[in-house]
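# Observations on the model geometry
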Amino acid sequence: MRVNFDGNTPVPRMLLLSGFLLCPDFQVELDGPVFVAAGDRISYEDGDVVVIRTTGERRTHPARNSYWICR
């Protein structure tokens, strides 16, 4: 599933996020899985994943590892 990490686009359905490709060659792995509800917005800021709830509450989740993928 493709998810926009722009902080503006709501997630269309519930997700359990543990790792993702931020762009085609950049992998991010989180410290622990993050539950994202439908309608939440996600952004990647300074090495952390920020989940913005529909209520406006912001939760920050640190990334364990991030790296460029050499293909």
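Described in the following lines is the structure provided in the data block. (Residues numbered from 1 in each chain as written. Predicted model: local features only at pLDDT ≥ 70, side-chain atom pairs only at ≥ 80, totals over all residues. Heavy atoms only, no water.)

## Considerations on the overall build of the protein
Check the secondary structure of the protein and you find 0 helices and 6 strands. Walking the protein from its N terminus toward its C terminus, one meets helices and strands in the order β-β-β-β-β-β. Its C-alpha atoms give the protein a radius of gyration of 12 Å, near enough to 11 Å, the size a compact globule of 71 residues would have. Across its three principal axes, the protein shows a C-alpha extent of roughly 40 × 20 × 20 Å. Taking the contacts inside the protein whose residues are at least 6 apart along the sequence as the reference set, 43% of them involve residues at least 24 apart. (Helix = DSSP H or I, 4+ residues; strand = E, 2+ residues; numbered from the N terminus. Rg over C-alpha atoms; globule rule 2.2 N^0.38 Å. Contact = heavy atoms within 4.5 Å.)

## Some thoughts on the packing of aromatic side chains
In this structure the tally under the stated criterion is 3 aromatic pairs. Aromatic side chains Phe5 and Phe20 sit 4.3 Å apart centroid to centroid with 20 degrees between the ring planes, which places their arrangement in the stacked category. You can see Phe5 sitting in the segment before strand 1 (6–10) and its partner Phe20 sitting in strand 2 (residues 15–23), a full 15 residues away along the chain. By the burial criterion, Phe5 is buried, and Phe20 matches it. Among the aromatic residues, those joined into a ring-pair cluster are Phe5, Phe20 and Tyr44. (Phe/Tyr/Trp six-rings, centres within 6.5 Å; stacked < 30°, edge-to-face > 60°. Buried < 20%, exposed > 50% of the residue type's maximum accessible area, 1.4 Å probe, protein only.)

## So, the pattern of salt bridges
Across all of its chains, the model carries 4 salt bridges by this definition. Among the ionic pairs, Asp40 bridges to Arg53, the shortest N-O distance being 2.5 Å. A residue pair is termed long-range when its members are at least 10 positions apart, and Asp40 in the loop between strand 3 (26–36) and strand 4 (41–45) and Arg53 in the loop between strand 5 (48–52) and strand 6 (58–68) qualify at 13 residues. For the pair Asp40 and Arg53, one class covers both residues: buried. (Salt bridge = Lys/Arg side-chain N within 4 Å of Asp/Glu carboxyl O.)

## Overview of the environment of Asp25
Note on placement: Asp25 falls in the loop between strand 2 and strand 3. In sequence terms Asp25 and Thr54 are 29 residues apart; their C-alpha atoms lie 30 Å from each other. With residues near it in sequence (within four places) discarded, Asp25 still touches Tyr67, Trp68, Ile69 and Arg71.

## Concerning the side chain of Asp40
With a relative accessible area of 2%, Asp40 lands in the buried category. Within the structure, the side chain of Asp40 is placed 3.0 Å from the backbone nitrogen of Ala37, a separation counted as a polar contact. Within polar-contact distance, the side chain of Asp40 engages the side chain of Arg53 at 2.5 Å. Leave out the neighbours within four places in its chain, and Asp40 touches Thr9, Pro10, Val11, Val51, Ile52, Arg53 and Thr54. (Polar contact = N/O pair within 3.5 Å; in protein donor to acceptor, adjacent residues only side chain to side chain.)

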